[in-house]
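Per-entry structural report
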Amino acid sequence: MPNWNQIIDKLDYAFQPIIHSHTGKLYAVEALIRNVQNISGLNAIDDLFNMAFNDDYLYELDLQLREKAIKKFSNIKIEDLKLFYNLDNRIIYNKTFSYGNTSKILKKYKLNKSVICFELSEKGTAIEQNALSTMIQRYKEEGFSIAIDDFGIGVSGLKLLYFSEAQIIKLDRFFISNIDQDSKKKLFCSSIIEMAHIMGMQVIAEGIETVKEFYTCKDIGADFIQGYLVQKPTIETNEIKSIYNNIVTLINDDKRNNPNATIDEEFIEPIIALCIDSSLYELFIHFKESTKNNFVPIVDKYDNFLGIIYEADIKKISYSQS
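Figured I'd write up the structure that's included with this text.

Calculation notes
Residues numbered from 1 in each chain as written. Predicted model: local features only at pLDDT ≥ 70, side-chain atom pairs only at ≥ 80, totals over all residues. Heavy atoms only, no water. Pairing = 2+ DSSP bridges. Helix = DSSP H or I, 4+ residues; strand = E, 2+ residues; numbered from the N terminus. Contact = heavy atoms within 4.5 Å. Axes fitted to C-alpha atoms, helices over the stretch in contact; angles between N-to-C directions. Polar contact = N/O pair within 3.5 Å; in protein donor to acceptor, adjacent residues only side chain to side chain. Disulfide = S-S within 2.5 Å. Buried < 20%, exposed > 50% of the residue type's maximum accessible area, 1.4 Å probe, protein only. Arc of directions from axis to C-beta. Parallel < 35°, antiparallel > 145°, perpendicular 65-115°, else oblique. Left-handed = near helix turned anticlockwise from the far one by under 90°. Nonpolar A, V, L, I, M, F, W, Y, C, P; charged D, E, K, R; others polar.

1. Topic: the sheet that holds strand 11 (residues 305–310)
- Strand order in this open sheet of 3 strands is 9-10-11, and the pairing throughout is mixed. With partners counted over all chains shown, the strands left at the sheet margins are strand 9 (274–275) and strand 11, one partner each.
- Helix-sheet contacts for helix 11 (residues 280–289) involve strand 9, strand 10 (295–299) and strand 11, and the interaxial angle to strand 10 is about 135°.

2. Observations regarding the side chain of Lys-170
- Looking at where Lys-170 falls in the secondary structure, it is placed in strand 6 (residues 168–171).
- One polar contact links Lys-170 to Gln-226, side chain to side chain, over a distance of 2.8 Å.
- Those residues in contact with Lys-170 that sit more than four places away from it in its chain are Ile-18, Glu-30, Glu-119, Ile-148, Asp-149, Asp-150, Phe-151, Ile-204, Glu-206 and Gln-226.

3. Section: the state of the cysteines
- Evaluation of the coordinates by the stated rule reveals 0 disulfides.
- There is no disulfide at Cys-189, and the cysteine sulfur nearest it, in Cys-217, is 6.5 Å away.
- A relative accessible area of 0% means that Cys-189 is categorised as buried.
- Here Cys-217 falls in the buried class, since its relative accessible area comes to 1%.

4. Examining helix 4 (residues 101–108)
- Buried within helix 4 are the following residues: Asn-101, Thr-102, Ile-105 and Leu-106. For helix 4, the angular spread of buried residues about the axis comes to 135°, placing them on one side. Facing away from the buried surface of helix 4 by more than 90 degrees, the exposed residues are Lys-104, Lys-107 and Lys-108.
- Once helix 4 ends, the next one or two residues include Lys-110, with phi positive near 55°.

5. With respect to the environment of Asp-47
- Looking at where Asp-47 falls in the secondary structure, it is placed in helix 2 (residues 45–54).
- Among the residues examined, Asp-47 registers a relative accessible area of 29% and is labelled partly exposed.

6. Some points on helix 11
- Listing the buried residues of helix 11 in full gives Leu-283, His-286 and Phe-287. Buried residues of helix 11, viewed axially, fall in a sector of 90°; they line one side. Those residues of helix 11 that are exposed and angled more than 90 degrees off the buried face are Tyr-281, Lys-288 and Glu-289.

7. With respect to the packing of helix 9 (residues 211–219) against helix 10 (residues 245–253)
- At their nearest, the axes of helix 9 and helix 10 sit 11 Å apart, and the two run at 65° to each other. In terms of axis orientation, helix 9 runs roughly perpendicular to helix 10. Crossing of helix 9 against helix 10: the hand is right-handed. Mapping the contact onto sequence places Val-211, Phe-214 and Tyr-215 in helix 9 and Ile-247, Leu-250, Ile-251 and Asp-253 in helix 10.
- In terms of residue class, the contact of helix 9 with helix 10 is made up of 6 nonpolar, no polar and 1 charged.

Dropping the structure here:
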């Protein structure tokens, strides 16, 4: 078995801010392990936890890392700050797994239970996914906040959203990357955000790197944002700020909040309209030739807008007549 004490001594934690999307104020920091590459035979964080799992040392490792993260977090003197800490779902299978250890660590550093939010991921192996629901219930019973990380990547998806009763979900970077240019990603994320809000959950858009990604995520209702646009993970706790003025500036400069602002023609796409007296055949031809849109505006003979017909409704009519 490797010398785990030596391994843990080499590891450090960086913190990345999670901020309110409409104010730029700090909400939480996520603890991210660093220096894994300094350990012989390991190339990535997953290698570290896989090795510990195979040695039946995963829970012991996690507890020591948990204290390391909490201790360092306690040095950030910002009021009402939360710590997001990633758990490996497989710790539930460890023979030494027991209740109450996190509360003891928090008490040692004079922190309240409310400061910590455990991140559990739905991605990973079948073992990890099977353990997910059990882990959620265990930690909720102890009174801790739960966040579902990497949401949308795993196989459980909406079922997990329904049953987990987590407080927060984090939309995976895959769905956030270039969301401003991808209508399917925007539709997916806005639908998830709407459902999450109905169920009393909040949503973090993680991995935001560009201004347009930020604006899009803010506009579709993401409660919090995390990513390089705000700040890269830092091992220096004094670099964590209570408010991120770069984001405040973006919010203030967002001309779309100004009702008198004009629309940039670069973002206007012409859509062909059909007259109210168009035939069903003409509607079919329109949708066959105009594949980018699933609707068509309807106007009168004076080009006054009357309403919209959706392609799906035309198909229903067609099927009902067949």
